[in-house]
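Understanding the architecture of this molecule
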Amino acid sequence: MCGIVGFVGNRPCSGLLLEGLSRLEYRGYDSAGIGLLGPDGLVIRRAVGRVAALASLVPESEHTVGLGHTRWATHGGLEVRNAHPHCDRTGRIAVVHNGIIDNADALRARLDPTGAAFISDTDTEVIAHLIAQAYTGDPMAALQQAIGHLQGTWGLVVAFADHPGRLFVARYGSPLVLGFGDDEVFVASDAQAIARWVDQVVHLEDGDQLEIRQGMFASIACRAVPFHAAEEADMGVHRCFMVKEILEQPRVLTNALVGRVSDRGVQLACLVDHPSMRDVSSVVLLACGTSFHAASVGARLIERVAHIPAVAKLASEFSTDGPMVDPRALYIAVSQSGETYDTLEALRRAKGCGAATLGVVNTVDSSIAREADAGLFVHAGPEVAVASTKAFTAQIATLGALALGLAGKPESGVAVAVRKSLMALPDAVESTLERLRDSAAVTMACRWIVDANYALFLGRGPSRHVAEEGSLKLKELSYVPCDAYAAGEMKHGPIAMLKKGTPVVVVVPRDEHRTHMLANIAEVRARGARVIALCEPDDVEVARHADLVLPFDSTHSCLSPVLSVLPMQFLAFRAAELLGLDVDKPRNLAKSVTVA
Ligand code: M6R
């Protein structure tokens, strides 16, 4: 994944580069580095870990040209020698790269069969050597020639010590934008990283290769679009972004629904502008991670409310499996960031086959938002914590509104009930958060899970996706091993994991699956495992059979995941805190996954 930033101007740039990199840390934070370019050559500084670790190594300097990188490791471990920028053998050509070079091993073997010339284990270093091999004084020609050998994806920024005052950039498959300020030019992986300093941006396209230098705006102005910084997220009084984002959910849900769902019915601009989207034969939702769990709940909502066959598919499989695309179906890409590589590729595949596409995204200016035929924004505001929380609930609410929109008029009894429940969701979320925020039961459940170093999550129907989301959240934040299963599958294998005291988290709303869930609870208890039940506050029957209860308010059964996920969010967050881990930036992860 990785984040890239570069600057050519007439003011010292090391601070700008570091600030830009901090804003790009959502793309990876395994290591960071910058290269400063001046008449005396290149000054390179690199550090393992966060940009903050790099900052202390960067000297005060007058350099006005530079490039920087924050890394999510693909090739090579978390060591300084694998941090970008990477240089050629002379140290006079420096490269930062976002993407993956698929044929790096073959190129490496061809460039240097002994491998002795390579300092790092990265695919990027190969690019630096290729450029050096092709360089005879013309940087652009060398870059073009090197790119001719590459297979894979790249966003590249290259500095040549022989050419101070200029940077060279190329894009194929990994995003890059140019930003223009007052006689200065930025390049970055996304526009928000440089938002403070620019008012016009150009989104580079695949195949673009160009030189950036002061005063270049005139030559590219035809592709520039005005640009405004998005709302800045700050932590406020909270101790981490994740807590802030969990507690924001009542307001977030109001924002997702306001102007769309009301006593008068449902109004969605995307369906007004694209009425043919109502006539589709089926709906396929494409997403990854938490967004996939929301999409899975959304598919059930669409089937139940709009009576259109709907299915959620993992975009990471769809983009490479070569599935049949039905041109009469509506393909919906669901993504918080709007930049997830697999989701974008899946969307492109559906679009390329002539199907109608819709982006249900949070980030307005994102690639998915730009490339889908129509957009339906979830309006969750910036989500900074790597673990997604408010985007999940906003996505379900938005997909609920979409289900109602696709159902059209006259409203069925189910549609009326779902619409009313949607309108009541912000209050129900508020009340559930109140129950949970200082809950001793959540702390106790975390202790059990951390002590057992394992948990099994079970649910049926829409609650299965909540069990999967709870398990994903716990894994990514606390690194505690855990499984999630459709509760009916427990007896087909996972039950073997249970022994005395094993924590089993069951999601039991009052829906048509409740009786079967009660049977599963009995089976769990019979093995001496501990039942942590997520259920409605007045559900005495479930409470009687549980060792601990984490309550959530009642709503329509199709929407219960919006509420039952809240205890899961608290469980994962508290477990991470209990273990003294970084809640907002868990190990090995990145907020936006922009590689295959
Ligand atoms: O930006 P997206 O919604 O497309 O991201 C998809 C996943 O990478 C994301 O939901 C990931 O699973 C989160 N870290 C989960 O908390």
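Residues numbered from 1 in each chain as written. Predicted model: local features only at pLDDT ≥ 70, side-chain atom pairs only at ≥ 80, totals over all residues. Heavy atoms only, no water.

What to know about empty space enclosed by the protein
By rolling a water-sized probe across the atoms, one finds the places where empty space is left. Summed over all chains, the structure comprises two cavities of 30 Å³ or more. Of the pockets and cavities examined, the largest cavity occupies roughly 90 Å³. Along its surface, the largest cavity is lined by R171, G173, P175, E339, Y341, L344, R348, S367 and T594. A total of three residues in the lining of the largest cavity trace back to one element, the largest contributor, which is helix 12 (residues 341-352). For the lining of the largest cavity, the residue count by class is three nonpolar, three polar and three charged. Inspection of the lining of the largest cavity shows a minimum of three residues originating in each of domain 1 (3-226) and domain 2 (241-435). Approximately 70 Å³ is the volume attributed to the second largest cavity. In terms of residue class, the lining of the second largest cavity is made up of three nonpolar, seven polar and two charged. (1 Å grid on protein atoms, 1.4 Å probe; cavity = no way out; pocket = protein on both sides within 12 Å on 5 of 7 lines; lining within 4 Å. Points joined across faces, edges and corners; volume = space filled by probe spheres on them. Helix = DSSP H or I, 4+ residues; strand = E, 2+ residues; numbered from the N terminus. Nonpolar A, V, L, I, M, F, W, Y, C, P; charged D, E, K, R; others polar. Domains from an automatic or database assignment.)

Structural notes on the sheet that holds strand 11 (residues 200-203)
Strand order in the open sheet made by the eight strands is 3-2-4-1-10-9-11-13, with antiparallel pairing throughout. With partners counted over all chains shown, the strands left at the sheet margins are strand 3 (41-48) and strand 13 (225-226), one partner each. As judged from the two bridges shared by strand 11 and strand 13, these two strands associate in the antiparallel manner. Paired with V201 across the two strands is V225, which belongs to strand 13. Running over the sheet, helix 1 (residues 14-23) touches strand 1 (3-8), strand 2 (31-38), strand 4 (65-71) and strand 10 (185-188) and is turned about 155° from strand 2. (Pairing = 2+ DSSP bridges. Contact = heavy atoms within 4.5 Å. Axes fitted to C-alpha atoms, helices over the stretch in contact; angles between N-to-C directions.)

Looking at the pairing of strand 4
Across the seven residues that make up strand 4, a large majority, seven, are buried. Side chains V65, L67, H69 and R71 of strand 4 all project onto a buried face; the interleaved residues G66, G68 and T70 project onto the opposite face, where all are buried too. Bridge analysis of strand 1 against strand 4 gives six bridges, and the strand direction is antiparallel. Looking across to strand 4, one finds that I4 is bridged to H69. Across seven bridges, the pairing between strand 2 and strand 4 is antiparallel. Paired with G33 across the bridge in strand 4 is H69. (Buried < 20%, exposed > 50% of the residue type's maximum accessible area, 1.4 Å probe, protein only.)

Some thoughts on the packing of helix 3 (residues 104-111) against helix 4 (residues 124-134)
Contact geometry of helix 3 with helix 4 gives a least axis separation of 10 Å together with a crossing angle of 45°. With respect to their mutual orientation, helix 3 and helix 4 come out oblique. Crossing angle aside, the handedness with which helix 3 passes helix 4 is left-handed. Facing A104, L107, R108 and L111 of helix 3, the residues of helix 4 in contact are E125, V126, H129, L130 and Q133. Each residue belonging to the contact of helix 3 with helix 4 can be placed in one class, and the counts come to five nonpolar, two polar and two charged. (Parallel < 35°, antiparallel > 145°, perpendicular 65-115°, else oblique. Left-handed = near helix turned anticlockwise from the far one by under 90°.)

Here's the deal with the sheet that holds strand 21 (residues 455-459)
Taken together, the five strands give an open sheet; going across it, the order is 22-21-23-24-25, and neighbouring strands pair in parallel fashion. Single-partner strands in this sheet number two, and they are strand 22 (482-486) and strand 25 (548-551). Strand-to-strand twist across the sheet, computed as the mean angle between neighbouring axes with direction ignored, equals 20°. Direction of pairing for strand 21 relative to strand 23 (residues 503-508): parallel, over a ladder of three bridges.

Details of helix 15 (residues 413-436)
An α-helical segment advances 3.6 residues per turn. Residues three or four places apart therefore align on the same side. If you check helix 15, its first and last C-alpha atoms are 32 Å apart, about what 24 residues at 1.5 Å a residue would give, namely 34 Å. Along helix 15, the sharpest change in direction is near 45° and occurs at A424; proline P426 comes one to four residues later. Looking only at helix 15, the buried set comprises A415, V418, R419, S421, L422, L425, P426, A428, V429, T432, L433 and L436. (Expected span 1.5 Å × (residues − 1). Bend = angle between axes of the 7 residues up to and from the residue.)

Things to note about the nonpolar core
In terms of nonpolar packing, the biggest core is built from 95 residues, with V283, L285, I302 and I332 touching the most fellow members. A per-element tally of this core places helix 20 (residues 560-578) first, with eleven residues. The residue makeup of this core includes at least three contributed by each of domain 2 (241-435) and domain 3 (440-578). Residue contacts for I332: discarding those within four places in its chain leaves V283, V284, L285, L286, I302, L358, V360 and L402. (Core = buried A, V, L, I, M, F, W, Y, C linked by side-chain atoms within 4.5 Å.)

Overview of a nonpolar patch on the surface
A cluster of nonpolar residues, V48, L78 and V80, forms a patch on the protein surface that exposes about 220 Å² of accessible area. With respect to the helices, strands and loops of the structure, L78 is situated in the loop between strand 4 and strand 5 (86-87). Given the relative accessible area of 45%, L78 is considered partly exposed. (Patch = residues over 30% accessible without salt bridge, like charges linked within 9 Å, V, L, I, M, F, W, Y side chains within 5 Å. Areas by Shrake-Rupley, 256 points an atom, 1.4 Å probe, with all protein chains shown as cover. Salt bridge = Lys/Arg side-chain N within 4 Å of Asp/Glu carboxyl O.)

Some thoughts on the site of the ligand
Taken together, 15 residues sit near the ligand, with S291, S335, S337, T340 and E476 positioned nearest. The separation between an oxygen atom of the ligand and a polar side-chain atom of T340 is 2.4 Å. Between the ligand and the protein, one listed contact pairs an oxygen atom with a backbone N or O atom of S388 at 2.8 Å. Here the ligand, which alone exposes 410 Å², has 92% of that area covered by the protein. If you map the ligand onto the pockets, it falls in the second largest pocket. At the level of secondary structure, the elements contributing two or more residues to the shell around the ligand comprise helix 10 (289-306) and helix 17 (462-478). When its residues are assigned to classes, the shell around the ligand shows five nonpolar, eight polar and two charged. Lining the shell around the ligand are residues from two domains, each supplying at least three of them: domain 2 (241-435) and domain 3 (440-578). (Near = heavy atom within 4 Å. Polar contact = N/O pair within 3.5 Å; in protein donor to acceptor, adjacent residues only side chain to side chain. Sits in = over half its atoms within 2 Å of the grid points.)

A look at the domain arrangement of the protein
Split into domains, the protein comes out as domain 1 (3-226), domain 2 (241-435) and domain 3 (440-578). Each of domain 2 and domain 3 has a C-alpha centre, and the two are 25 Å apart. Domain 2 puts 33 residues into the contact, and the matching count from domain 3 is 28 residues. For the domain 2 and domain 3 pair, buried surface summed over both sides reaches about 2,600 Å², with 72% attributable to carbon and sulfur atoms. The tally of links between domain 2 and domain 3 comes to one salt bridge. (Buried area = accessible area lost by both parts, 1.4 Å probe.)

Regarding the layout of surface pockets
Its volume calculated, the largest pocket comes out at about 1,400 Å³. Around the largest pocket, the lining comprises 49 residues; the ones closest to its centre are Q192, A230, E231, P382 and E383. Of all the secondary-structure elements, those providing two or more residues to the lining of the largest pocket are helix 1, helix 7 (241-247), helix 8 (249-257) and helix 13 (367-371). The leading source of residues in the lining of the largest pocket is helix 8, at three residues. Of the residues contributing to the lining of the largest pocket, the split by class is 16 nonpolar, 14 polar and 19 charged. Formed jointly, the lining of the largest pocket draws a minimum of three residues from each of two domains, domain 1 (3-226) and domain 2 (241-435). The space that makes up the second largest pocket amounts to roughly 500 Å³. Lining the second largest pocket are 24 residues, with C288, G289, T290, K591 and V593 positioned closest to its centre. When residues of the lining of the second largest pocket are traced back to their parent elements, those giving at least two are helix 10, strand 18 (330-335), helix 12 and helix 17. Within the lining of the second largest pocket, the residues separate by chemical class into nine nonpolar, ten polar and five charged.

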